[in-house]
Amino acid sequence: MSHPILTHRAAALGHAVENFDWLAYSVFAGYIAAEFFPTGDTLTSLMATFATFAVGFFFRPLGGVVLGRFTDRVGRRPALMLSISMMAFGSLLIAVTPGYDAIGVFAPILLVLARAIQGFSGGGEVGAVFIYMAESAPDGKKGRQVSFVYIAVGAALLLASSLGTVMTATLGTDGVANGAWRVPFVVGAIMGLVVLVMRRALPETDEFTNATSTQRRVSFLSVVKESPGRIFAIFIYSAAASLLFYAIVSGTGVLVSATSSAVQETPSLAFTAMTVGIVVHVLLMYPFGALADRYGMIRTTVIGLVTIAVISLLIPWIPLDTVVAVFLVYILPMAALAMIVSVLPAVLPPMIPAEVRGITLGICFGFASALFGGTAPYVLTYTISVGIMPWFYIYVAALSLVAAIAISRTPRQGKDPE
């Protein structure tokens, strides 16, 4: 697998498996809630399920530190293999764990354990994938090459969404509730094993080899002391990217399920609209990567963040009582999100010395994902329940604008990806 195209696909696919599992959990959250948290109140059970969703994110910083250090010391390739192995195991554990009625309190405990394992592995996976893709992509084509990370993620999200659409339409809610919801997690485990085999053939990156051969001593703390503004920019941009991704991909489903009369009349409408939104998202990814190669990655990112801030401020005022409105509330944010995530893996690594890229991205992205991304569906559910939903989208818009300012004013390490 020494061919550059195959190399990038193998690296990107692991991140796709991770996001397939996360979206599958969100898509089937209602069924998981009934299986593991049977409280008798649907909203309370759903909030407990998304609290478990957030638990996985709170293990991301730990995974980011441990696996980030592993990435810097042992190598990008070994880190990619370790993280996907843990991800596949966590998915399999969710698939086979009996429900509350069968094993009582051990059911939610095992569910939390599975999410913790996936969160830990995800904390190291994201940094390792970003670094591997950025270091191995050729200059002048980085935007197009790294766009395959989230093209693969989008394809995985499309698969998860399609499974939701097909299963709901063919089996009905009762059929999905009676165990069919476990199928996507079996699929996730199998996908993880396939990617593990593919990653065994990955070559190590030249930048890692050169960094380890020079014996230059660089630590995360020295980077923090010398460039605190750089670390802040990396953190706040990671926070915005994580919040946006989960607010749009997971949160929109919560929004339309709770507030749309059209979705309440036709439950499969939400899955169908999500699928169309993801298709648009995937189709725009490579063109946005190409535009970034031509006009600058930072410029493309800033335009995307400002665009999504504007859309976020409009969403609370869109009445979701028609089919067209439901489709728009999925498609518009997904299209704007493509502009940001298409080049995300190439924007962050060049801001950090090669010797500490793993632990720096692991810490910043891990904590940002835990505090902002993992809590997004829960916070949105809470704001809907107490009648202050517009404030959630004001929060999304504000963080997007702060990230746009921070990333545009921060110098890059080595070649500027402008």
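Everything quoted here is computed from the prediction, not taken from an experiment.

Calculation criteria
- Residues numbered from 1 in each chain as written.
- Predicted model: local features only at pLDDT ≥ 70, side-chain atom pairs only at ≥ 80, totals over all residues.
- Heavy atoms only, no water.
- Helix = DSSP H or I, 4+ residues; strand = E, 2+ residues; numbered from the N terminus.
- Rg over C-alpha atoms; globule rule 2.2 N^0.38 Å.
- Buried < 20%, exposed > 50% of the residue type's maximum accessible area, 1.4 Å probe, protein only.
- Contact = heavy atoms within 4.5 Å.
- Areas by Shrake-Rupley, 256 points an atom, 1.4 Å probe, with all protein chains shown as cover.
- Lys, Arg positive; Asp, Glu negative; His and termini not counted.
- Charge placed at Lys NZ, Arg CZ, Asp CG, Glu CD.
- Phe/Tyr/Trp six-rings, centres within 6.5 Å; stacked < 30°, edge-to-face > 60°.
- Lys NZ or Arg CZ within 6 Å of the ring centre and 35° of its normal.
- Salt bridge = Lys/Arg side-chain N within 4 Å of Asp/Glu carboxyl O.
- Expected span 1.5 Å × (residues − 1).
- Bend = angle between axes of the 7 residues up to and from the residue.
- Patch = residues over 30% accessible without salt bridge, like charges linked within 9 Å, V, L, I, M, F, W, Y side chains within 5 Å.
- Core = buried A, V, L, I, M, F, W, Y, C linked by side-chain atoms within 4.5 Å.
- Axes fitted to C-alpha atoms, helices over the stretch in contact; angles between N-to-C directions.
- Parallel < 35°, antiparallel > 145°, perpendicular 65-115°, else oblique.
- Left-handed = near helix turned anticlockwise from the far one by under 90°.
- Nonpolar A, V, L, I, M, F, W, Y, C, P; charged D, E, K, R; others polar.

A. Local environment of the overall build of the protein. Check the secondary structure of the protein and you find 21 helices and zero strands. Against the globule reference of 22 Å for 418 residues, the protein gives a C-alpha radius of gyration of 20 Å, in line with a compact fold. Viewed in the frame of its principal axes, the protein has a C-alpha envelope of about 60 × 45 × 40 Å. Buried residues in the protein amount to 59% of all 418 residues. Of all intrachain contacts in the protein linking residues separated by at least 6 positions in sequence, the fraction that spans at least 24 positions is 86%. A total of about 15,800 Å² of accessible surface is found on the protein, and carbon and sulfur atoms cover 69% of it. When the 23 positive and 20 negative side-chain charges of the protein are each reduced to one mean point, those points stand 11 Å apart.

B. Just the environment of Ser83, in detail. Examined against the element boundaries, Ser83 turns out to sit in helix α5 (residues 76–96). For Ser83, a relative accessible area of 1% gives the class buried. Separated by 34 residues in the primary sequence, Ser83 and Ile117 place their C-alpha atoms 9.7 Å from one another. Setting aside residues up to four positions removed in sequence, Ser83 forms contacts with Leu67, Ser121, Glu125 and Arg199.

C. Representation of the packing of aromatic side chains within the structure. What the rule picks out here adds up to 11 aromatic pairs. Judged by centre distance (5.9 Å) and plane angle (75°), the rings of Phe36 and Trp181 are edge-to-face. Of this pair, Phe36 sits in helix α2 (residues 29–36) while Trp181 is found in the loop between α8 (142–177) and α9 (183–199), placing the two residues 145 residues apart along the sequence. Taking the relative accessible area as the measure of exposure, Phe36 reaches 1% and is therefore buried. Members of the aromatic cluster, each reached through a chain of ring pairs, are Phe130, Tyr150, Phe245, Tyr246 and Phe365. One cation-aromatic arrangement involves Arg115 over Tyr25; the distance from NZ or CZ to the ring centre is 4.4 Å.

D. Layout of the pattern of salt bridges. Scanning all chains against the criterion turns up nine salt bridges. Here Glu35 and Arg182 are joined by a salt bridge, their closest N and O atoms 3.3 Å apart. With Glu35 in helix α2 and Arg182 in the loop between α8 and α9, the pair connects residues that are 147 residues apart, well separated along the chain. Relative accessible area serves as the criterion here: at 15%, Arg182 is assigned to the buried category. Where Arg357 meets Glu135, a salt bridge forms, and the shortest distance between an N and an O atom there is 2.9 Å. Highlighted residues: Arg357 in helix α19 (residues 357–373) and Glu135 in helix α7 (residues 106–136), separated in sequence by 222 residues. Linked by salt bridges that have partners in common, Asp72, Arg76, Glu135, Glu207 and Arg357 make up one network.

E. Region of the structure containing helix α15 (residues 268–295). The terminal C-alpha atoms of α15, which comprises 28 residues, lie 40 Å apart, in line with the 40 Å expected from a rise of 1.5 Å per residue. Largest kink in α15: about 30°, centred on Met285, with the proline Pro287 one to four residues after it. Immediately beyond the C-terminal end of α15, within one or two residues, lies Gly296, with a positive phi of roughly 115°.

F. The arrangement of the environment of Ala177 in detail. Within the secondary structure layout, Ala177 lies in helix α8. Ala177 sits in the partly exposed class, given a relative accessible area of 34%. Taking the C-alpha atoms as reference points, Ala177 and Glu35, separated by 142 residues in sequence, lie 8.0 Å from one another. Sequence-distant contacts of Ala177, defined by excluding residues within four places in its chain, comprise Tyr31 and Glu35.

G. Summary view of a nonpolar patch on the surface. On the surface, a cluster of nonpolar side chains totalling about 580 Å² of accessible area is made up of Leu313, Tyr382, Val386, Ile388, Trp391 and Ile394. Here Val386 shows up in the loop between α20 (376–385) and α21 (389–408).

H. Geometry of the nonpolar core. With 131 residues, the main nonpolar core has Phe130, Tyr150, Trp181, Tyr237 and Leu255 as its most contacted residues. Of the residues forming this core, the biggest block, 15 residues, is contributed by helix α12 (residues 228–249). Discounting chain neighbours no more than four positions away, the residues touching Tyr237 are Thr301, Leu305, Ile340, Leu344, Val347, Leu348, Ala403 and Ile407.

I. Quick peek at the packing of α12 against α19. Running from N to C, α12 and α19 cross one another at 45°; their axes reach a closest spacing of 8 Å. Relative to α19, the element α12 lies oblique. In the crossing of α12 with α19, the sense of the turn from one axis to the other is right-handed. Along the contact surface, α12 presents Ile231, Ile234, Phe235, Ser238, Ala239, Ser242, Leu243 and Tyr246, while α19 presents Thr360, Leu361, Cys364, Phe365, Phe367, Ala368, Ser369, Leu371, Phe372 and Gly373. Its residues assigned to classes, the contact of α12 with α19 comprises 13 nonpolar, five polar and no charged.

J. How the structure looks around the side chain of Gln118. Note that Gln118 resides in helix α7. Residues contacting Gln118, with those up to four places away along its chain left out, are Asp21, Trp22, Met87, Gly90, Ser91 and Ile94.

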